[in-house]
Amino acid sequence: MSTSQQSLTIDVVSDVVCPWCFIGQKRLDKAVAAVPEVDVEIHWRPFQLDPTIPPEGRDRKQYMLAKFGSEERLREIHAKIEQLGLAEGIDFDFAAITVSPNTLDAHRVLRWAAANGSEVQGRLARKLFKLYFEEGRNLGDHAVLVEAAREAGMDAPVVEAMLATDADRDAVANEAATASRMGISGVPCFLFEGKYAVMGAQDTDTLADAIRQIAAAKARGELDSAR
């Protein structure tokens, strides 16, 4: 069976404070599990929904009201997302979130996690989503990021020391800006083999079909010939 195992790389462009990205992560995990004949490697890439938020963050309620206009509208949006989240095993707790953070530092840690392998980076991405949306933790707080890194299997003292510097700050900001220039205006965006983009939190079946079809095309050498 190992000789016929197909492989595929998926770059997930997302922001850790995007609820649709959390839903997308859950659906992608299910899609990967539904296609065991394909060895899928997932890389998490940065996107900032709002890079203008200051390092200390903004008051969540005021920020969201300014964005959506009214508490009624905000409740409608949250109710819809909560319902979709429950179907994916997510217990959204929007009331627990008090700070809308700048996510640049969270993306820096995700970048460093990739040096430890895609599994470590994946564990960290999942942990950050859970901390923010289910526990209301502030992802702009270095202590929160260091603890998440430790739980994901990273060297926490190293992460803490690096966060205190400007390491990779420009690189992450530039990568996020590049995604915008590429036409990615909303997240999540699933980029298959660096060629085919699937936009939005598509359902599990759609993602699983994309994995099957693109992995099969890759195995036939069609992706190479398309270059």
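Use the structure listed above.
Residues numbered from 1 in each chain as written. Predicted model: local features only at pLDDT ≥ 70, side-chain atom pairs only at ≥ 80, totals over all residues. Heavy atoms only, no water.

Draft legend 1. Here's a closer look at the pattern of salt bridges. Counted under the stated rule, the structure contains 20 salt bridges. K30 is paired through a salt bridge with E88; the nearest N and O atoms lie 2.8 Å apart. In this pair, K30 sits in helix α1 (residues 19-34) while E88 sits in the loop between α3 (71-87) and β4 (99-100), placing the two residues 58 residues apart along the sequence. What makes E88 buried here is its relative accessible area of 13%. Salt-bridge contacts for E134 lead to K130; the nearest nitrogen and oxygen are separated by 2.6 Å. (Salt bridge = Lys/Arg side-chain N within 4 Å of Asp/Glu carboxyl O. Helix = DSSP H or I, 4+ residues; strand = E, 2+ residues; numbered from the N terminus. Buried < 20%, exposed > 50% of the residue type's maximum accessible area, 1.4 Å probe, protein only.)

Draft legend 2. Representation of the sheet that holds strand β6 (residues 196-199) in the model. Sheet architecture is open: four strands sit in the order β2-β1-β5-β6, paired in mixed fashion. In the strand order of this sheet, the two ends are held by β2 (38-46) and β6, each with one partner. The mean angle between the axes of side-by-side strands here comes to 25°, regardless of whether they run parallel or antiparallel. The sheet contact formed by strand β5 (residues 189-192) and β6 spans four bridges and is antiparallel. Counterpart to C189 in the pairing with β6 is M199. Against the sheet, helix α9 (residues 204-219) touches β1 (6-14), β2, β5 and β6, its axis set at about 130° to β1. (Pairing = 2+ DSSP bridges. Axes fitted to C-alpha atoms, helices over the stretch in contact; angles between N-to-C directions. Contact = heavy atoms within 4.5 Å.)

Draft legend 3. A look at the nonpolar core. Core analysis: the largest hydrophobic core is formed by 64 residues, its most contacted members being I10, V109, L124, L128, M154, F192 and I211. For this core, the element with the highest residue contribution is helix α5 (residues 118-135), accounting for eight residues. Not counting residues up to four positions away in its chain, the partners in contact with L124 are V109, L110, A113, A148, A149, A152 and M154. (Core = buried A, V, L, I, M, F, W, Y, C linked by side-chain atoms within 4.5 Å.)

Draft legend 4. Structural view of the packing of aromatic side chains. Under the defined criterion, the tally for this structure stands at eight aromatic pairs. Ring geometry for Y132 against F133: centres 4.9 Å apart, planes inclined by 80°, an arrangement best described as edge-to-face. Each member of the pair, Y132 as well as F133, is classed as buried. Put simply, the rings of F22, W44, F92, F94, F129, Y132 and F133 touch in pairs and so form one group of aromatic residues. (Phe/Tyr/Trp six-rings, centres within 6.5 Å; stacked < 30°, edge-to-face > 60°.)

Draft legend 5. Structural detail: α5. In this model α5 runs 25 Å from its N-terminal to its C-terminal C-alpha over 18 residues, within 8% of the 26 Å that 1.5 Å per residue would give. Buried residues of α5: V120, Q121, G122, L124, A125, L128, F129, L131, Y132, F133 and E134, and no others. Once α5 finishes, G136 follows within two positions and takes phi at roughly 70°, a positive value. (Expected span 1.5 Å × (residues − 1).)

Draft legend 6. Focus on the pairing of β5. In β5, alternate side chains face the same way, and those of C189 and L191 on one face and F190 and F192 on the other are all buried. As paired strands, β1 and β5 are joined by four bridges and run antiparallel to one another. Residue V12 lies in a different strand from β5, and its bridge partner there is F190. Hairpin remark: β5 followed by β6, antiparallel, with three residues in the connecting loop; positive phi at E193, about 55°.

By themselves, these figures tell us nothing about what the structure is for.
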